[in-house]
Amino acid sequence: MRSIILQTATRYLLPILLLFSIFLLLRGHYYPGGGFVGGLVASIAFVLHSFTNGTDATMKLLGRKPLSLIPIGLGISAFSVILPLFFGLPPMTGLWVQEKFPLIGLIGSSLFFDIGVYLVVIGVVLTILFTISLTDD
Amino acid sequence: MELLLIIVLGLLYAGGVYFILRRSMVKLLLGIMLLGSATNILIFVLGSIVKGSPPVIDADHDTFSGIYADPVPQALILTAIVISFALTAFAIVLLKRVYALVQTDDLDNLNTPEEEDI
Amino acid sequence: MLFTILSGLIVSLLLLPFGRMLKSKQRILLVVLPAALFLFYLQYIPAVSSGRFLLQSTPWIPSLATNLDFRLDGLSLLFALLITGIGTAIFFYARAYLKDHPYFNRFFGYLCLFMSAMLGIVLADNIFLLFVFWELTSISSFFLIGFNNNDPASRKSAITALTITGMGGFFLLAGLILLGNISGTYTISELIHSRNIIIHHPLYPLVLGLLCMGAFTKSAQFPFHFWLPGAMKAPTPVSAYLHSATMVKAGIYLLARFNPILGGTDLWSNTLMIAGGFTMLYAAFHSLLRTDLKSILAYSTISALGILTFLIGLGTREAVIAASVFILVHALYKATLFLVTGIIDHEAHTRDITRLAGLRKVLLPVAIAGLLAAISSAGVPLTFGFIGKDLIYEATLHAGASLSFILTALAIATNTGLVAAGFMAGIKPFSGKLPVEFEKIHLPSASLWLPPLILAVAGLIFGCIPGIAGQLFSLQAANAIFGSDTQLHLKLWHGFNLVLLLSLATLAAGTFLYYINKPSGKKQHFIQKFNPLSPEFALNRFANGIFGFSTWYTGKFHNGYLRSYHLKILLFAEMLLAYKLWLSGPIKIDFYGLAMLSIYEIAVVVILIGALVMMILTQSRLTAVVSMSIIGYCTCLMFVFYSAPDLAMTQFTIDTLTTVLFVLVLYKLPPFLNLATTWERYRDIAVSLGFGVILSLVALQVHHEAISTQTSEFYANNSYILAKGKNVVNVILVDFRGIDTMFETVVLSIAAIGVYSLLRLRLKTSEKE
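What comes next concerns the included structure. (Residues numbered from 1 in each chain as written. Chains lettered and ligands numbered in written order. Predicted model: local features only at pLDDT ≥ 70, side-chain atom pairs only at ≥ 80, totals over all residues. Heavy atoms only, no water.)

1. Describing the overall build of chain A
Counting its regular elements, chain A contains 5 helices and 0 strands. The secondary structure elements of chain A, listed N-terminal to C-terminal, are α-α-α-α-α. Buried residues in chain A amount to 50% of all 137 residues. Across chain A, every contact between residues at least 6 apart in sequence was considered, and the portion connecting residues at least 24 apart equals 66%. Accessible surface computed for chain A: about 6600 Å², of which carbon and sulfur atoms make up 72%. (Helix = DSSP H or I, 4+ residues; strand = E, 2+ residues; numbered from the N terminus. Buried < 20%, exposed > 50% of the residue type's maximum accessible area, 1.4 Å probe, protein only. Contact = heavy atoms within 4.5 Å. Areas by Shrake-Rupley, 256 points an atom, 1.4 Å probe, with all protein chains shown as cover.)

Written as structure tokens, this is what we have:
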């Protein structure tokens, strides 16, 4: 599926889609969006890239195996779950930085949780699709 | 509105059941997916359905002022959709392996597996 | 008393992992356990024989009225001494008998377990505790009977025994629970005080019937007797232990224990006397026709158990005395005879009575033991058996004017048979001319012949000093069975009277019968012709019926085709749901809602239905996948219409990815084949439409019922206040139900790892090839 048009389009679409996915992730707490959707959109961006440039090129772009994103994501989520324990609170208690940030709003532990979900979703989807497309029998 | 969704879910269930009664493995998988979406709609219907009022609180309010769609079924379905993707992916890969082994899509040919390479 | 039971269980547990470490010299240590327990219980004789008893209670499950209550009275002590005393002999004997057996440790493990269970039965004072041990004997005896587990016949007998005694256990449990509910106490020694309430309760016949079922199955009373001859497949020490002192006596113990509680009514007496009377005569007759030594002993045991049941049923003072003495008499001579048989089997490698003869020349001590046991079983004066027999006649003669004649005749007939059977087992193999084939037999080690000889001599000694033996062992046992003082006093010599006359007549008749009755294969063959009438045959028929039914059922419903399972499951689900819908009454359909539909919604639904139809009809795999994704996108649009933006986005992206996934994998596969017949197709269409309609109706029905919205309201109202988020769906996912989401991501990861390993790791192994 090497078409010039698609290749050119992908070159611009990939960063745009990735930006969009991060946008979805960050605004998830206030508007429709969130880690799941964000992660899925990001995966679609990479899948699109792999369609036009080949899976190997996408793997090179990622710089690491997508499988390795899973433990990182799970680790971030788990960290945000147990973080309140260090403040003597029950796990999963929401912790918030007091001041508002522009664009994002309040930053709290649940944002880290969502980031973890985001990474896991990307890792899972890309692992599945790339493993399939790289295996040929 | 509910009636429309209820008809849709009935049809999806019927289609899904029809597919899982077939002999083809791919049809079995498609049937399971249809049953999955039918169930999603069923859960959706069981909440209160409204048009144009998503369960998102207005920017300048702290709680809902008017009616809003039921958030609980939505949260459940969102999870279900993502999990069903993982299930589908796993099933597809299994199917791929089975097809590579027995060179057929017919479930009846799986009853006597080959001795080697299992 | 608790520790005496626990010690056996602990030794049993230790034997399984560590038993193999015991060298054959060290195995004598195993005998220490029953011997120590025997000595322990011996020290209670003075206290108990003067009428006192011992209580011990440890809380176990007080809320269920189940405590480790133990009570040692005369009856318990008699049984405990039999179990441990004969147990010592058996342990000593089995050590030599199974010297080189590879599963030596297992055997002793089971045996210790069994001994503890038996002790538990006779000591338990709580009816649930009694039941637990009762079942434990069934289970451990199952392992002992089936010990030669590579012999199919042995396995079959073990299963038969377990089936019968296990079934009896069910009845017993039901009976005990009823008994406890009627009287309000679960302690056996307290039940006696509620005797009047129990025997006048309308459920009394049921309780009695259930309890008798338990006792009769365990004690091999007709028609449940057939498991006992089958159980002869066990190694001989097991037969000796199970059928002389323990297992089968558990039923007798139960009847004896409950005699003061349930007994004394016509129903009780008649049930027990009819069952026992028939069994004793039937089995005595059968024992004469057998040629296998162990079979003869098995049937004579059943007959003896029948006598005991009969005596307890008779229930008079004399009968109870006779029963309490006969338990001891029978245990001593029957254990001896079994052990003697075991030695013969071990040395001559046959138990066929038509071939065995003259063995006294090579196995003299064994012959003495056999002779002593045989004359004790025959009731020759100066043996303990003579005392026992006298007491039985005394009991039947004093049974009451109308009955005494019949009952005495019955007892004489049975005893005549038993005399002959005892001679056949204890004398026949040793008398006559020694065949050439047996000339090379050597006397085995003393470990084998000493135990039967000691038991036989004990029978002789007790016979010579009946007064002391009765005082020590039987008096309090009889009192416990009778419920009040029986003034038991055994005497060697009663003077010339009717009882003595009857006793001598029986002996003469039995001896005569022994000489004229030549057991042969022909007779056994003749007996087998009546097999279709036997309860064993009926049980086999029943078992075969069940087997046939399950084969048919499996063939019908478990045919290996996934779709036929689906069909059956779905049809069943449809039937259940339809029935429930029918019960819940008419369904209201709100057509007004349809008026609010916009053209977009209708268009989306039309597209969705079109895609579904296309998906079903198409032969092309790709078309089916594309239709599937069209359905997905339509669902996505529905979510948009009905205020679920998060769902719409997720559905959209997932749908895209699923399509990619399908295309990646399936583009190579061939098109769909038309595999089903038209009839199957129509049937499946009917089933699936039915399912769809029913599910729609269920949805309608549910929709019209008020649903609690508490949860949703809580989340909606607190979303911003507690979790500082305004998108409630997202707040539920990452905050309120965060742990659930956490595990969901774990599930996703597992799926990804599954896919990865399924494809990648497979590839590596195939690369090696």
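2. Focus: the interface of chain A and chain B
Taken together, the contact pairs 9 residues of chain A with 9 residues of chain B. Counting the surface lost from both chain A and chain B, the interface buries some 840 Å², and carbon and sulfur atoms represent 81% of this. Here chain A and chain B share 0 salt bridges between them. Along the contact surface separating chain A from chain B lie 0 residue pairs in polar contact (both at pLDDT 80 or more). The element that contributes the greatest number of residues to the side of chain A that touches chain B is helix 5 (residues 109-134) of chain A, accounting for 3 residues. (Buried area = accessible area lost by both parts, 1.4 Å probe. Salt bridge = Lys/Arg side-chain N within 4 Å of Asp/Glu carboxyl O. Polar contact = N/O pair within 3.5 Å; in protein donor to acceptor, adjacent residues only side chain to side chain.)

3. Structural notes on empty space enclosed by the protein
According to the stated counting rule, one finds 11 cavities of 30 Å³ or more in the structure shown. In this structure, the largest cavity encloses a volume near 70 Å³. In this structure, the largest cavity is lined by 14 residues; those nearest its centre are G33(A), G35(A), F36(A), N730(C) and L733(C). For the lining of the largest cavity, the elements supplying multiple residues, two or more each, are helix 2 (35-53) and helix 5 of chain A together with helix 32 (728-736) of chain C. If you tally residues by element for the lining of the largest cavity, the top one is helix 32 of chain C, at 4 residues. (1 Å grid on protein atoms, 1.4 Å probe; cavity = no way out; pocket = protein on both sides within 12 Å on 5 of 7 lines; lining within 4 Å. Points joined across faces, edges and corners; volume = space filled by probe spheres on them.)

4. As for the interface of chain C and chain B
Chain C puts 91 residues into the contact, and the matching count from chain B is 83 residues. Between chain C and chain B lies a buried interface of about 8100 Å² when both sides are counted; carbon and sulfur atoms form 77% of it. Of all residues in chain C, R563(C), Y642(C) and K726(C) give up the largest surface area on contact with chain B, accounting jointly for 9% of the area buried on that side. The interface formed by chain C and chain B includes 2 salt bridges. Here R22(B) makes a salt bridge to D684(C), at a shortest N to O gap of 2.8 Å. Summed over the shared surface of chain C and chain B, the result is 12 residue pairs in polar contact (both at pLDDT 80 or more). When residues in the side of chain C that touches chain B are grouped by element, the largest group, 14 residues, is from helix 30 (residues 678-703) of chain C. Of the residues belonging to the side of chain C that touches chain B, the class tally is 59 nonpolar, 20 polar and 12 charged. (Nonpolar A, V, L, I, M, F, W, Y, C, P; charged D, E, K, R; others polar.)

5. Quick look at the pairing of strand 1 (residues 54-61) of chain C
All names here are of chain C. Inspection of the sheet shows strand 1 paired to strand 2 (residues 66-72) by 6 bridges, in the antiparallel sense. By the bridge assignment, L55 is partnered in strand 2 with R71. Between strand 1 and strand 2, which follow one another and run antiparallel, lie 4 residues, and A65 among them has a positive phi close to 60°. (Pairing = 2+ DSSP bridges.)

6. Some details on the packing of aromatic side chains
Evaluated as defined, the whole model comprises 30 aromatic pairs over all chains. Centroid distance F3(C) to F40(C): 5.1 Å. Interplanar angle 80°. Geometry classified as edge-to-face. Here F40(C) lies in helix 2 (residues 29-42) and F3(C) lies in helix 1 (residues 2-18), a separation of 37 residues in the sequence. On the basis of an interplanar angle of 55° and a centroid distance of 5.9 Å, the ring pair of F714(C) and F736(C) is categorised as tilted. Pair noted here: F714(C) is in helix 31 (residues 710-723) and F736(C) is in helix 32, with a separation of 22 residues, a long-range link. Positioned above the aromatic ring of Y18(B) is the side chain of R22(B), whose terminal nitrogen or guanidinium carbon lies 4.4 Å from the ring centre. If you follow K726(C) out to its NZ or CZ, it ends over the ring of Y720(C), 4.8 Å from the centre. (Phe/Tyr/Trp six-rings, centres within 6.5 Å; stacked < 30°, edge-to-face > 60°. Lys NZ or Arg CZ within 6 Å of the ring centre and 35° of its normal.)

7. Focus: the packing of helix 6 (residues 127-145) of chain C against helix 10 (residues 204-218) of chain C
Residues and elements named next belong to chain C. Closest axis-to-axis distance for the helix 6/helix 10 pair is 12 Å, and the angle between their directions is 30°. What the angle tells us is that helix 6 and helix 10 run roughly parallel. The hand of the helix 6/helix 10 crossing is left-handed. The residues of helix 10 that touch helix 6, namely those facing W134, T137 and S138, are G214, A215 and K218. Here the residues of the contact of helix 6 with helix 10 sort into 2 nonpolar, 3 polar and 1 charged. (Axes fitted to C-alpha atoms, helices over the stretch in contact; angles between N-to-C directions. Parallel < 35°, antiparallel > 145°, perpendicular 65-115°, else oblique. Left-handed = near helix turned anticlockwise from the far one by under 90°.)

8. Remarks on the packing of helix 17 (residues 364-378) of chain C against helix 20 (residues 446-464) of chain C
All names here are of chain C. For the pair helix 17 and helix 20, the least separation of the axes is 8 Å and the interaxial angle reads 35°. Two packed elements cross with a definite hand, and for helix 17 against helix 20 that hand is left-handed. Note on element contacts: helix 20 touches helix 17 through W449, P452, L453, A456, V457 and L460, opposite P365, V366, I368, A369, L372 and A373. Partitioned by chemical class, the residues of the contact of helix 17 with helix 20 number 12 nonpolar, no polar and no charged.

9. Topic: the environment of L581(C)
Residue and element names in this part refer to chain C. Topologically, L581 is positioned in helix 25 (residues 562-583). Distance in space between the C-alpha atoms of L581 and L697 is 7.9 Å, their sequence separation being 116 residues. When sequence neighbours within four positions are dropped, the list of residues in contact with L581 reads I587, I694, L697, V698 and Q701.

10. Some words on the layout of surface pockets
Estimates place the volume of the second largest pocket at around 660 Å³. Y18(B), R22(B), K27(B), I616(C) and R681(C) are the residues nearest the centre of the second largest pocket, which is lined by 37 residues in total. Of all the secondary-structure elements, those providing two or more residues to the lining of the second largest pocket are helix 1 (2-20) of chain B together with helix 27 (599-617) and helix 30 of chain C. Sorting elements by how many residues they give to the lining of the second largest pocket places helix 30 of chain C first, with 9 residues. A per-class count over the lining of the second largest pocket returns 18 nonpolar, 8 polar and 11 charged.

11. Looking at a nonpolar patch on the surface
On the surface, F79(A), I82(A), L85(A), F86(A), F87(A) and L89(A) cluster together to form a nonpolar patch covering roughly 630 Å² of accessible area. Structurally, L89(A) is set in the loop between helix 4 (69-82) and helix 5. (Patch = residues over 30% accessible without salt bridge, like charges linked within 9 Å, V, L, I, M, F, W, Y side chains within 5 Å.)

12. Some words on the nonpolar core
Counting residues in hydrophobic clusters, the biggest one holds 198 residues, and the most contacted among them are Y41(C), W227(C), F258(C), L262(C) and L359(C). Of all the elements, helix 16 (residues 317-348) of chain C adds the most residues to this core, at 21 residues. Ignoring anything within four residues of it in the chain, the contact list for L359(C) reads I344(C), P429(C), F430(C), L434(C), F438(C) and I441(C). By size, the runner-up hydrophobic cluster in this structure holds 124 residues, among which are L24(A), M25(B), F44(B) and I77(B). (Core = buried A, V, L, I, M, F, W, Y, C linked by side-chain atoms within 4.5 Å.)

13. What about the side chain of H225(C)?
Residue and element names in this part refer to chain C. By the element assignment, H225 lies in the loop between helix 10 and helix 11 (227-230). For H225, a relative accessible area of 3% corresponds to the buried category. Apart from the residues within four sequence positions on either side, H225 is in contact with A220, Y282, Y299, I302 and P535.

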